[in-house]
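# Examination of the molecular architecture
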Amino acid sequence: MELNTLARLCDARGVSGDEAEIRDIIRQQAGGRVDVLGNLLVARPDPAGGPSVRVMLAAHMDEVGFLVTHLEKNGRLRFSTVGGIDPRVLPGLAVLVGRDRAPGIIGLGPPHLLDRKESPAVARVDDLLIDVGCSSREEAERWFSVGDYATFATVAGELGDGLVLAKALDDRAGCAVLLEVLAEEYPGVELHAVFTVQEEIGLRGARVAAHAIAPEVGLVLEGTIAAEGAGREEADRVTAVGAGPVLSLMDRTSIASREMVRVLVEVAEQAGLPYQFRRSGQGGNDAGAISLALEGVPTAAISVPCRYLHGPASVASLEDVDRVARLTAAFVRRVGTEGLRFRY
Amino acid sequence: MTVREFLEWLSLAPGVSGFEGPVAARIEGAWAGLAGEVRRDRLGNVIALKRGDRPGSPKLMLAAHMDEIGLMVTRVEPDGFLRFAGVPEVDLRTLPGKEVVVHGRRDLRGVVGHPPPHILSPEDTKKLPKLEDLFIDVGLAAVRARELVAVGDPITFRAEVRELKGGLVAGKGFDDRAGVAVLHQCLEELAGLHHAVDVYAVATVQEEVGLRGAVVGTYGIQPDLAIAVDVHLGDTPGVPEHKSFTLDKGPVITMGANIHPVLHRDLVAVARDLNIPFQLEAAPAGTGTDAVAMQVSRSGIPTALVSIPCRYMHSPVETVALADVARAGRLLAHFAARRTPGYLEELAWS
Amino acid sequence: MKELIGRLTGAYGPSGREDEVRRLIAGELEGHVDGCRTDALGNLIAWKGGPGPRIMLAAHMDEIGFMVTHVDENGFARYAVVGSMDHQVLLGQRVVFPGGRMGVIGSERVEKPEEMKHEKLFIDAGAGAGVGVGDVAVFHRPLEESGCRLVAKAMDDRVGCAILVEVGRRLTSAPNQVFLVFTAQEEVGLRGARTSAYGIGPDCGVAVDVTDTGDTPKARTMEVSLGKGPAVKVMDTYLMCHPGVRRALEESAAAAGTPFQREVLERGGTDAGAIAVTREGVPAGVVSIPTRYIHTPSEMVDYADVEGAVALLLAFVSRPLDLS
């Protein structure tokens, strides 16, 4: 995976509900149609002409971020977080507000004023404001309005040896994988690649897309948590960056099709790709929505392990992204050549 | 360079207390063209001397510190993550998730990792992480990390300078590079003014860890008058109004025991005369700035303090108004230009 | 050198009352240095070599102690701590006053451990007269050897004094003017270093003192261990070491063939902190001896680290001073 390809996707704006910019970038490359909620649906008919297995691959375009809810008298912007952002990363943060990417600051009073005897509490989102430099509501209204979205201001780049640091790796990494997968052909498969919206606020895009497509096989491409850290117990780490594609067995939204997981493992081993199982039952992704569409869809997820998920600077391995793409492509190819359909 | 460009240029240079080399080199270069003599003293203070046109006139020392807060590597863990300490201390409220640069054998981009909510107990999610729960991820395996990073390497925030609306800028190290920019502005203004006094513009080291550069710099220069230029609490939610100063309403001129009353009076007089807006601060005891050290150097130095209001101090997004920097520079230049050769007599206590 | 460390750690010398230690050191240096004087605060300043730049090596003579503040009718003495000390290590410890009078530290009955503090403790110096207000006691413990480790009270910083004495004895010729300064009142605020450095006006200052380690169970994160060589300090509460001095010390260690460790101390300081801000500023650094259980009666060092420090410092003062 080229760093620049992934970096361009990560740097694009696309907070849940405001996915236009990232969608346009992806659409330029992949084409497709946009549905009512804003999902980008790219359909590829079976190059072999059929009979075909109808496969839906999904990666979500949206990212966690901020929504301006009020312009304060003092010219600052009150905001809500969109999606699950740990409030501990907020103080001291630069964000970009609105389509023009106006810089804004989420700050706290200096440590000099703290009572040294008490350990300071985590700042509550309700107590924080975005400082855009305006000194009155009237001034702020010239540039900003309620409903503006803001993103982390992070600029993606290389980290250490072969890692990438960026905002929104969840799930632009999956988007990058899906774009890569679309470059190949899969005889025996009617392929529906869906770049979904509103995953971070309840798997809402995938739900309507799956309903429209009625897939026989669902596969979700995600960025998932790698809780690695100094002094952290192995059992708490969930996944490891650089250790290959992550296969989920279960999370809070779905239980993966065991047959699919078995085939994914076989495909990975045949292709000589390392893989790991996600060691946590928490979290959730579009698989929850796809698996419950219509009469139910056998669904699994392949994920890119990412550190500091939902933070301003998440970290993933470019090689992991490649491996997820290779595993996905190999899996879809096998589904097509063998006409595989799965049960739970 | 405009004030904004100069401030950005300084901000992007690393200069953790004790490791001011890179930022000092930039300041030295910039001041070489503005002052007749520029030197670095033994602790690393950059001292520019712009001589007055009346030999025997008083020596005026202007000081702003160029060091910034930062971190230091204390250990490379077996999995390649770095442990660190604060220089001088860590504000745990602003560190998690932030980007840093580790100044090892080469500069390494990094991010401050902290325990994600899902591995914490419910009550721990409401608390700030402790220093021992934080680490820096530079994306290197231990073997490579040990090649490139050693215990004692300094770490700075990685932050772009960003322009907000209303003439504000945000970035790292504005405490007290904004003050250095004031001195720069002052030297530029002085180029067009006659001044009797010798003006020493001093970018001091190690202020954040104990005003150490000012202690030795003042001893070496032996000024007759001294003015510290630092940043001061800007208007920020959570900071009481009576303890903070509004951005873009002009520099803060302090009075109190740390300040010689005549210097204070005359700074205010110059500001009024030039229609430079300013804000007043009353500080009962120490000001926590280089002024504390300068005042008690040798047998005592008449000292004053001019400050730039700054929001979010000691974070990667310190925010100041560019106009305040320009105003303070102009104020100091004209203050210097208006001092007479006999000014010290006015300072004598009756 | 072990024998010297034994005598130095055994000597009595709380802050402000360093006379016995000073006499002992002056005697040891006699005939090995070019000159020697004692300044107003009681620092012992010896010099040797020259006529090049002035290098000041400093080790403090004083140790922590207990100053009697009140003696009740039964002879129980209350005290103020000279320096800093954790009350948790004190109960049952033996202390000694000048002249050899022994005391034992006892405690009032305390219901809960968290109520314990110095004010609940007292020195039981035996019945009868002999101890008065203002008298200062120090820990009473002889030097012990445990494998390659040495354990004693006042290893902080008599081990540094011993190292400086050894450097003074072994140094034959140096391009620099080397000042061996045995400072007073370090434990109460780096006071002796401040005045002696002002008096000498050195071009470079290096303190030789003990430092904490991070190599005991569940210790605070610190990358210093016993037995891995002397430590070259990067930072502590009072000092950002001059990069040129640090480099010169590290190169000297390499030249002397002694391993060294880098030290970042988050809490604490040494005489170098005071030396650095003297006059117009002095490039300063620290060579530290990794020490466990500092400010207890059982300060532990590794003898190899001590020998390594001597070799490092000899190499350092023997080279032309280059702080670029």
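These numbers were taken from a predicted model, which means no experiment stands behind them.

## Let's talk about the overall build of chain A
Assigned secondary structure in chain A consists of 8 helices and 17 strands. Taken over the C-alpha trace, chain A has a radius of gyration of 21 Å; the compact-globule value for 344 residues is 20 Å, and the two agree within 12%. Counting only C-alpha atoms and orienting by the principal axes, one finds that chain A spans roughly 65 × 45 × 35 Å. When the accessible surface of chain A is totalled, it reaches about 13,100 Å², and 48% of it is carbon and sulfur. One way to put it: in chain A the 36 positive side-chain charges average out to a point 3 Å from where the 48 negative ones average out.

## Description of the domain arrangement of chain A
Residues and elements named next belong to chain A. What the domain assignment reports for chain A is domain 1 (3-64 + 155-338) and domain 2 (65-152). A separation of 31 Å is found between the C-alpha centroids of domain 1 and domain 2. At the interface, 17 residues of domain 1 touch 16 residues of domain 2. Summed over both sides, the interface between domain 1 and domain 2 buries roughly 1,300 Å², with carbon and sulfur atoms accounting for 61% of that surface. It is Arg13, Val64 and Pro312 that lose the most area in domain 1 upon contact with domain 2, and together they represent 44% of the buried surface on that side.

## Concerning unusual backbone geometry
For the peptide bond that leads from glycine 50 of chain A to proline 51 of chain A, omega is 5 degrees, which places it in the cis range. Of note, proline 51 of chain A is situated in the loop between strand 2 (40-44) and strand 3 (53-60). The residue alanine 214 of chain A is not glycine, and still its phi comes out positive at about 55 degrees. Looking at the secondary structure, you find alanine 214 of chain A in the loop between helix 5 (204-213) and strand 13 (217-225). A positive phi angle, near 55 degrees, is found at glutamine 185 of chain C, a position not held by glycine. Inspection of the secondary structure puts glutamine 185 of chain C in the loop between strand 12 (177-183) and helix 4 (191-200). Residue class for glutamine 185 of chain C comes out buried when judged on its relative accessible area of 16%.

## Some words on the environment of aspartate 115 of chain A
Along the polypeptide, aspartate 115 of chain A turns up in the loop between strand 7 (102-106) and strand 8 (130-131). Sequence-wise, aspartate 115 of chain A and valine 189 of chain A are 74 residues apart; in three dimensions their C-alpha atoms are separated by 64 Å.

## Observations concerning the interface of chain A and chain B
Facing 62 residues of chain A, the contacting portion of chain B comprises 57 residues. Across the chain A/chain B interface, buried area totals approximately 4,700 Å², and carbon plus sulfur atoms make up 60% of it. Taken as a group, Arg88, Ala230 and Tyr308 of chain A account for 15% of the area that chain A buries against chain B, more than any other trio of residues on that side. Between chain A and chain B we count 4 salt bridges in total. A salt bridge links aspartate 79 of chain B to arginine 237 of chain A; the shortest N-O distance between them is 3.0 Å. The tally of links between chain A and chain B comes to 16 residue pairs in polar contact (both at pLDDT 80 or more). When contributions to the side of chain A that touches chain B are tallied by element, the ones reaching two or more residues are strand 6 (93-97), strand 7, helix 3 (137-143), strand 10 (157-159) and strand 11 (163-166) of chain A. If you tally residues by element for the side of chain A that touches chain B, the top one is strand 7 of chain A, at 5 residues. Looking at the side of chain A that touches chain B residue by residue, the classes come out as 37 nonpolar, 12 polar and 13 charged.

Basis of the calculations
- Position numbers for residues start from 1 in each chain and track the written sequence from start to end.
- Going through the entries in the order they are written, you letter the chains from A and number the ligands from 1.
- Only residues with pLDDT of 70 or above have their local features reported here, since the model is predicted, and side-chain atom pairs are shown and tallied only from 80 upward, although totals for entire chains, interfaces and linings are computed over all residues.
- Excluding hydrogens and water, the side-chain values take into account all heavy atoms of the structure.
- Every helix listed is a DSSP run of H or I at least four residues long, and every strand listed is a run of E at least two residues long, numbered separately from the N terminus.
- Radius of gyration means the value over C-alpha atoms here, while the globule rule gives 2.2 Å times the residue count to the 0.38 power.
- Values of accessible area rely on a 1.4 Å probe in the Shrake-Rupley scheme; residue burial ignores everything except the protein chains shown.
- Only four residue types enter the charge count, namely Lys and Arg as positive and Asp and Glu as negative; His and the chain termini do not.
- In this description, the location of a charge corresponds to atom NZ of lysine, CZ of arginine, CG of aspartate or CD of glutamate.
- Domain limits in this description derive from either an automatic procedure or a database domain assignment.
- Note on definitions: a residue-residue contact is assigned when non-hydrogen atoms from the two residues lie within 4.5 Å.
- A simple way to read buried area is as the amount of 1.4 Å-probe accessible surface that goes missing from two parts once joined, with both sides added.
- Working definition: with a 1.4 Å probe on protein chains only, accessible area under 20% of the residue-type maximum means buried, over 50% means exposed, and in between means partly exposed.
- A side-chain nitrogen of Lys or Arg and a carboxyl oxygen of Asp or Glu constitute a salt bridge if their distance falls within 4 Å.
- By the criterion applied in these results, polar contacts are pairs of N or O atoms within 3.5 Å in which, for protein atoms, one can donate a hydrogen and the other can accept it, and in which residues neighboring in sequence qualify only through two side-chain atoms.
- Note that Gly is not counted as nonpolar here; it falls among the polar residues with everything else outside the nonpolar set of Ala, Val, Leu, Ile, Met, Phe, Trp, Tyr, Cys and Pro and the charged set of Asp, Glu, Lys and Arg.

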